[in-house]
Amino acid sequence: MTMSLRHFIPLALAASVVPAALAAMPPAEAWEIGPIVRVKNYSEGMPFNPDRGANGSVIFEFPQAGSGQVDAMTARVGPLTGARTITMRYRIDAARGTRFVADETPGEPATISLYFQRRGDNWNAKGAYESFRWYVPSRAVVPLSPGLHTITVGMDENWTNVHGRSNREIPDGFAAALEDTARLGIAFGSASRRSHGVYATGPARFTLLSLDVD
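Owing to the predicted nature of the structure, the values given are computational and were not obtained by experimental measurement. All residue numbers here refer to positions counted from 1 along the written sequence of the relevant chain. For a predicted model such as this one, the threshold for reporting local features is a pLDDT of at least 70, and the threshold for listing and counting side-chain atom pairs is 80 or more; totals across whole chains, interfaces and linings nevertheless cover every residue. By convention in this description, side-chain values take in all heavy atoms of the structure and omit both hydrogens and water.

**Considering the sheet that holds strand β4 (residues 51-52)**
The cut-off we apply is this: Between any two strands, at least two bridges found by DSSP are needed for them to pair. Helix and strand assignments follow DSSP, with helices taken as H or I runs no shorter than four residues and strands as E runs no shorter than two, numbered in order from the N terminus.
A sheet is described by the order of its strands in space; here five strands give the open sequence β4-β5-β16-β7-β12, paired in antiparallel fashion. Every interior strand has two partners, whereas the edge strands, β4 and β12 (147-154), have only one. With eight bridges joining them, strand β7 (residues 85-94) and β12 adopt antiparallel strand pairing. Bridge pairing in β12 links Arg89 to Thr150.

Next comes the structure, spelled out in structure tokens:
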């Protein structure tokens, strides 16, 4: 099953069965910079949507010190049941000497990683809701640096939920999230705070080139 982010579906179809093939990577206007929780957008100083880039790419400028931070960028997707891998290709351009800083844990390297979120998440991470968001294994949490990068992660690897519990420890919670996925996200933060914000010390741009679910 190959779906070059072909799990992407419009809001009106979010609860429907995903067709065998859908469009390629969602356009810029279909991505949301957030997350938005109880009306508050946690990506301070950022636009709601990224910008369109060349050849269908998606871009945004990292906020600089004192002007905010970017926590995550997400797109609506359908169920991920049956998916084998997720591969993200991206490029970072930055002025010479620019550093990336994890907003809440500045002593750790600033990172980029992937996660997915089950429909109906209330963000309190309590009870069953602790397994409504799933994050890639630690080996796929990558320090931010200029250049062209590719991250591939298998769905059979050791994903962890909000409290760091493995999909091997609670397989039912992982399976339920795969069957009812609502969003696929790119997280900016650190190894210990995956989606808690990053800013740059100088001009820097993020370009998402492709995101493939196979």
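**With respect to the pairing of strand β9 (residues 111-118)**
Definition in use: Whether a residue is buried, partly exposed or exposed follows from its accessible area with a 1.4 Å probe, protein chains only, as a fraction of its type maximum: under 20%, in between, or over 50%, in that order.
Burial analysis of β9 places seven of its eight residues in the buried class, the great majority of the element. Looking at chain direction, β9 and strand β11 (residues 142-143) are connected through two bridges and run antiparallel. Bridging from a neighbouring strand, Thr111 pairs with Pro143 of β11. Relative to strand β14 (residues 181-189), β9 is paired through eight bridges, and the arrangement is antiparallel. By the bridge assignment, Arg118 is partnered in β14 with Thr181. When β9 meets strand β10 (residues 133-135), the two strands line up antiparallel, connected through three bridges. From the neighbouring strand, Phe116 faces β10, where its bridge partner is Trp134.

**Focus: the nonpolar core**
For clarity, the threshold we go by: Only buried Ala, Val, Leu, Ile, Met, Phe, Trp, Tyr and Cys residues count toward a nonpolar core, and they belong to the same one when joined by side-chain atoms within 4.5 Å.
Phe62, Phe116, Phe188 and Phe206 are the most contacted members of the largest nonpolar core, which has 47 residues in total. It is strand β16 (residues 204-213) that contributes the most residues to this core, five residues altogether.

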